[in-house]
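What the coordinates show
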Amino acid sequence: MEMIVTRAGFLTSVQDLGRTGFREFGVSTSGALDPFALRVANLLVGNEEGAAGLEITLGALQLRLNDERIVAWCGGEFEVQIGSRSLPAGHVACSQAGDELKFRPPQIGCRGWLAISGGVGVPIVLGSRSTDLRANFGGFDGRVLRDGDVIPLGPRPGSPIPATRISSWTASHDWASPARPNPILRFVRGMDWTRFNASSLQRLTSEPFTASPDSDRMGVRLTGPELSRAANVDLISEAVAPGTVQVPPSGQPILLLGDCQTIGGYPKIAHVITIDLGIAAQLRVGDRVRFSEVSLGDAHQLFLQRERSLERFRIGLSLRDQ
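As the structure is a prediction and not an experimental result, all values here were calculated from the model. (Residues numbered from 1 in each chain as written. Predicted model: local features only at pLDDT ≥ 70, side-chain atom pairs only at ≥ 80, totals over all residues. Heavy atoms only, no water.)

1. Section: the pairing of strand β12 (residues 184-189)
If a strand is regular, its side chains alternate between the two faces of the sheet. Rule in force here: For two strands to count as paired, DSSP must find a minimum of two bridges between them. Numbering of helices and strands runs from the N terminus, with a helix taken as a DSSP run of H or I at least four residues long and a strand as a DSSP run of E at least two residues long.
Pairing geometry for β12 and strand β20 (residues 288-293), over four bridges, is parallel. Following the sheet pairing, leucine 185 is matched in β20 by phenylalanine 291.

Written out as structure tokens, the structure reads:
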């Protein structure tokens, strides 16, 4: 019950839905940068939604599965093959023992999430199997995967689909393939919104920003119009979270992601809403992005609508198994 990493790719790590309840001790959430995509992929293969899978960055990943498993993935526009068959995002396939699973570099976006029936069976650390790449714990030896790694898998749940085909049914396209060219990220105002001058607030929502090379799982540094404060005063460090948009003295914003620190002293101009974090996770160097303000009430409603849709999807999958 294991898989072999024959080619590890640029940055592949074990992630689940994250490590919660420890931010007060300075422990980052970690987890899949698009938790919803991982939830959908897990449901497709019959796992619990929080089962650990693989987060693939920029492709070039090749795995060999040593027993029969159901597999599915969601994320950027990767070309994925299982054996000689193409496996589109949001579809399900049954891998036979010895099958190779290959992720080629994506055309749009940069990350994908692979779920395997039974989940990745690495030890639980602080309530999660996620890899904290900065603190070097959790996941598989606290690090990214390397060529030749042998990754344990959990027991297979449910019954496999016929091995001769890829499923014709699929998850919603927006769930399976959240990457967008020139995306628009919706946000609610941050705690320090009023600390910025009117022209900076206008530029935030009217001009594009570009993802810089100095970006990682901790956050995306953006270049574009300078966002200036009305007055330069020292701020007390306060809690931040994935989605927070901070503005350092350079005036170039930083969009925080899942491996972000737990507190920060830069002013918080905005916070990207939960359902758009998956789109933010697909930003790669050179991508252009815009911001659009929504109300907190709208953000809550959009989140609840997606959760209700996921519940219907969950029920639909359960009916397929009967």
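2. Examining the sheet that holds strand β2 (residues 11-15)
Note the following rule: Helix axes use the C-alpha atoms of the stretch in contact, all axes being lines fitted to C-alpha atoms, and the angles between their N-to-C directions lie in the range 0 to 180 degrees.
Spatially, five strands are ordered β2-β3-β10-β5-β8 in an open sheet, and the strand pairing comes out antiparallel. Only two strands of the sheet have a single neighbouring strand rather than two, namely β2 and β8 (93-95). Ignoring strand direction, the axes of neighbouring strands in this sheet form an average angle of 30°. Here four bridges tie strand β3 (residues 53-57) to strand β10 (residues 111-116), and the two strands are oriented antiparallel to one another. Residue pairing across strands places leucine 54 opposite leucine 114, the latter belonging to β10.

3. What to know about helix α1 (residues 35-45)
Rules: A 1.4 Å probe rolled over the protein chains alone gives each residue an accessible area, and that area as a share of the maximum for its type sets the label: buried under 20%, exposed over 50%, partly exposed in between. Residue contacts are counted whenever heavy atoms from the two residues lie within 4.5 Å of one another.
Along α1, 10 of the 11 residues are buried, which leaves the element largely enclosed by surrounding structure. Residues Phe36, Ala37, Leu38, Arg39, Val40, Ala41, Asn42, Leu43, Leu44 and Val45 constitute the buried set of α1. Tucked inside the fold, the buried residues of α1 contact β2, β3, β5 (69-75), β10, α2 (173-176) and α5 (296-320). Downstream of α1 by a residue or two, glycine 46 has a phi angle that is positive, lying close to 90°.

4. What about the pattern of salt bridges?
Applied cut-off: For this document, the term salt bridge refers to a Lys or Arg side-chain nitrogen within 4 Å of an Asp or Glu carboxyl oxygen.
Evaluated as defined, the whole model comprises 20 salt bridges. For glutamate 49, the salt bridge identified is with arginine 39, shortest N-O distance 2.7 Å. Here arginine 39 lies in helix α1 and glutamate 49 lies in the loop between α1 and β3, a separation of 10 residues in the sequence. Per residue, the accessibility class of glutamate 49 equals that of arginine 39, and both read buried. A network of salt bridges, in which partner residues are shared, links Arg39, Glu49, Glu307, Glu311 and Arg314.

5. As for the sheet that holds β20
Strand order in the closed barrel formed by seven strands is β12-β19-β16-β17-β14-β13-β20, with mixed pairing between adjacent strands. Here the strands of the sheet are splayed against their neighbours by 40° on average, with no regard to which way each runs. When β12 meets strand β19 (residues 268-272), the two strands line up antiparallel, connected through three bridges. Bridged to phenylalanine 187 within β19 is valine 272. Running at roughly 115° to β20, helix α3 (residues 198-206) makes contact with β12, β13 (209-211), β19 and β20 of the sheet.

6. A look at the packing of α1 against α5
Helix packing geometry: the angle between the two helix axes and the distance between the axes. In plain terms, the rule: In what follows, roughly perpendicular refers to angles from 65 to 115 degrees, roughly parallel to angles under 35, roughly antiparallel to angles over 145, and oblique to any angle outside these ranges. Helix crossings fall into two classes, left-handed where the near helix is turned counterclockwise from the far one by less than a right angle and right-handed where it is turned clockwise. Only Asp, Glu, Lys and Arg are considered charged in this grouping, and only Ala, Val, Leu, Ile, Met, Phe, Trp, Tyr, Cys and Pro are considered nonpolar; every other residue, Gly among them, is considered polar.
Packing of α1 against α5 brings their axes to within 10 Å, and their N-to-C directions diverge by 15°. Accordingly, the angle class assigned to the pair α1 and α5 is roughly parallel. Between α1 and α5 lies a crossing of right-handed hand. Touching Phe36, Arg39, Val40, Leu43 and Leu44 of α1 are Arg306, Glu307, Leu310, Phe313, Arg314 and Leu317, all from α5. Each residue belonging to the contact of α1 with α5 can be placed in one class, and the counts come to seven nonpolar, no polar and four charged.

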